Amino acid sequence: MKIGMDKIGFYTPHLYIDMNKLALARNVKPEKLTIGIGQEKMAVPPITQDTVTLAANAALEILDEDDKEKIDFVIFATESGIDFSKAAAIYVHHLLGLNPNARSIEVKEACYGATAAVQIAKGHIALNPESKVLVLGSDISRYGLNSPGEATQGAGAVAIVMSVNPRILTIEGPSVYHTEDVMDFWRPLYSDTAFVQGKYSVELYIAFFQNVWKQYKDRTGLELKDFEAICFHLPYTKLGLKALRTVIDEGMDEVQKRLLANFEISRRYNKVVGNIYTGSLYLSLLSLLELNTDIEPGSRIGLFSYGSGAVGEFFPCIVQPQYREALYKAQHAKLLSERREISISEYEEIFQTTSLAEVPSARFPIEKDPAAICLAGVNEHKREYVNKVN
Ligand code: HMG
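Residues numbered from 1 in each chain as written. Predicted model: local features only at pLDDT ≥ 70, side-chain atom pairs only at ≥ 80, totals over all residues. Heavy atoms only, no water.

Chemist: Explain the sheet that holds strand 2 (residues 15-18) here, please?
Modeler: In any sheet, the strands associate via hydrogen bonds between backbone groups, in a parallel or an antiparallel arrangement. Read across the sheet, three strands follow the order 3-2-15 without closing on themselves; strand pairing throughout is mixed. Two strands in the sheet have a free side with no partner beyond their single neighbour: strand 3 (41-44) and strand 15 (340-341). Pairing between strand 2 and strand 3: four bridges, direction antiparallel. What sits directly across from Leu15, in strand 3, is Val44. The strands that helix 14 (residues 344-353) touches are strand 2, strand 3 and strand 15; relative to strand 2, the one it contacts most, it runs at about 130°. (Pairing = 2+ DSSP bridges. Helix = DSSP H or I, 4+ residues; strand = E, 2+ residues; numbered from the N terminus. Contact = heavy atoms within 4.5 Å. Axes fitted to C-alpha atoms, helices over the stretch in contact; angles between N-to-C directions.)

This is the structure in structure tokens:
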């Protein structure tokens, strides 16, 4: 049975900052951020966007009536959720008017969460081939103003409809994974910004990639030459390149050239959005599929997922014959080009007034946010959302 991704949606807030200007404000050379870190722009979420609205906006563009009827499982992956108890998936289920006869849950393992969700969805569909699953990966990455991780923040969500006979990609086996109890990045319950041992996290990310890549080769006998491209979790885009470079010599010249060229394409969206944590790998996949028009159906793409703490996984996908027609390339180009640049001082003000810590009661200026689905306010500790297209 062929199971995989039938549609992939994406949403990021309408505001961003330019990394050259952030570098100037922080007194570092712009090339450190644009080349050394590999980021050009960073998405900034206004008070009217949280992880629920980002995910709902990502899904809104891709769901039709048939999806709404057949989706019987909503899996919301996030590490910047809004409630320790109620699943964010339930809010999205309501905002999108999905079939009430559905399961809705939230899953967490740092940036690995969306991959866990994709694999859970695959298992569910294998047992229930008539069903569709909505996988959401949505996050707001916060390290703090003037912190070493500041340039690696971002905000956004991906929404993936999974089904049998998918039009974009099938998810193949074997999947190989690795877990180790490490403290490279974490966020205790009392903090709305992440704690991180930056250099250590980079070492672990690369070691986990090497571990799962070796496991994969040992189990399958496949090599770099068998892959059209490898997409990486991209907390910042230089890191995927650093990981790829550690194995690139295993391939002949033409394989190296292909993988490096495709890596460049796979990081374009991430370069102008920033780290969206659990959605980052799938944003990179989208960047590759939407911006490289030469990828042939039948090509094998490897996906490396990493979530601090830490879990790593590597698995292959096969590009399907109708993938081009199933993508939302024009919508994503429009979404990215219509964003508005804000100054560093505006970003700092927004950062300080948008905390994951609770606001007891407030109304928010949804008229300033072009998104269809917004957070309108908080009333007696309950978040109130609006879908302006209803
Ligand atoms: P830093 O210490 O400010 O930067 O923090 P650096 O000194 O390491 O420099 C970064 C790069 O810029 C280096 O390149 C420099 O050489 C280069 P590299 O050696 O790595 O190839 N550089 C320049 N290049 C060109 N021109 C120049 C110049 N100057 C310097 N003039 C760090 C960097 C990543 C540590 C920091 O941003 C950080 O802590 N970020 C947050 C943590 C992070 O993203 N870790 C990634 C792995 S963990 C992960 O992926 C999981 C995560 O997504 C969370 C989750 O799972 O939920 C984070």
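Now, onward.
Chemist: Would you mind showing me how to read the domain arrangement of the protein chain here?
Modeler: Quoted interface sizes are often the accessible area lost when the parts come together. Split into domains, the protein chain comes out as domain 1 (3-168 + 327-387) and domain 2 (170-323). Put simply, the middle of domain 1 and the middle of domain 2, counted by C-alpha atoms, are 20 Å apart. Counting residues at the interface gives 60 residues for domain 1, matched by 50 residues for domain 2. Carbon and sulfur atoms supply 59% of the area that domain 1 and domain 2 bury against each other, a total of about 4500 Å² over both sides. (Domains from an automatic or database assignment. Buried area = accessible area lost by both parts, 1.4 Å probe.)

Chemist: Hey, could you run me through helix 11 (residues 280-291) in this one?
Modeler: In a regular helix each residue adds 1.5 Å, so twelve residues correspond to 16 Å; helix 11 covers 16 Å between its end C-alpha atoms and thus fits that length. Counted residue by residue, helix 11 has eleven buried out of twelve residues, so it is predominantly covered. Within helix 11, the full set of buried residues consists of Ser280, Leu281, Tyr282, Leu283, Ser284, Leu285, Leu286, Ser287, Leu288, Leu289 and Glu290. (Expected span 1.5 Å × (residues − 1). Buried < 20%, exposed > 50% of the residue type's maximum accessible area, 1.4 Å probe, protein only.)

Chemist: Sorry, what's going on with the environment of Lys108 here?
Modeler: By the element assignment, Lys108 lies in the loop between strand 5 (103-107) and helix 6 (113-127). In this structure Lys108 comes out as exposed when scored by relative accessible area, which is 67%. Considering only alpha carbons, one finds Lys108 and Tyr347, 239 residues apart in sequence, at a separation of 28 Å.

Chemist: It is not clear to me how the pairing of strand 12 (residues 229-232) should be interpreted in this structure. Could you clarify?
Modeler: Along a regular strand, successive side chains alternate from one face of the sheet to the other. Residue alternation in strand 12 divides its side chains into two sets, Ala229 and Cys231 and Ile230 and Phe232, and both sets are buried. As paired elements, strand 12 and strand 13 (residues 300-307) share four bridges and run parallel to each other. In the strand pairing of strand 13, Cys231 is matched with Leu303.

Chemist: Explanation requested: empty space enclosed by the protein in the structure shown.
Modeler: Rolling a probe over the atoms, with the probe sized like a water molecule, indicates the empty space that remains. Under the counting rule described, the total for this entry stands at two cavities of 30 Å³ or more. By volume, the second largest cavity amounts to about 90 Å³. If you go around the second largest cavity, you meet 13 residues; those closest to its centre are Ala43, Val44, Pro45, Tyr347 and Phe351. Contributions of two or more residues to the lining of the second largest cavity are made by strand 3, strand 6 (132-141) and helix 14. In the lining of the second largest cavity, the residues fall into eight nonpolar, four polar and one charged. (1 Å grid on protein atoms, 1.4 Å probe; cavity = no way out; pocket = protein on both sides within 12 Å on 5 of 7 lines; lining within 4 Å. Points joined across faces, edges and corners; volume = space filled by probe spheres on them. Nonpolar A, V, L, I, M, F, W, Y, C, P; charged D, E, K, R; others polar.)

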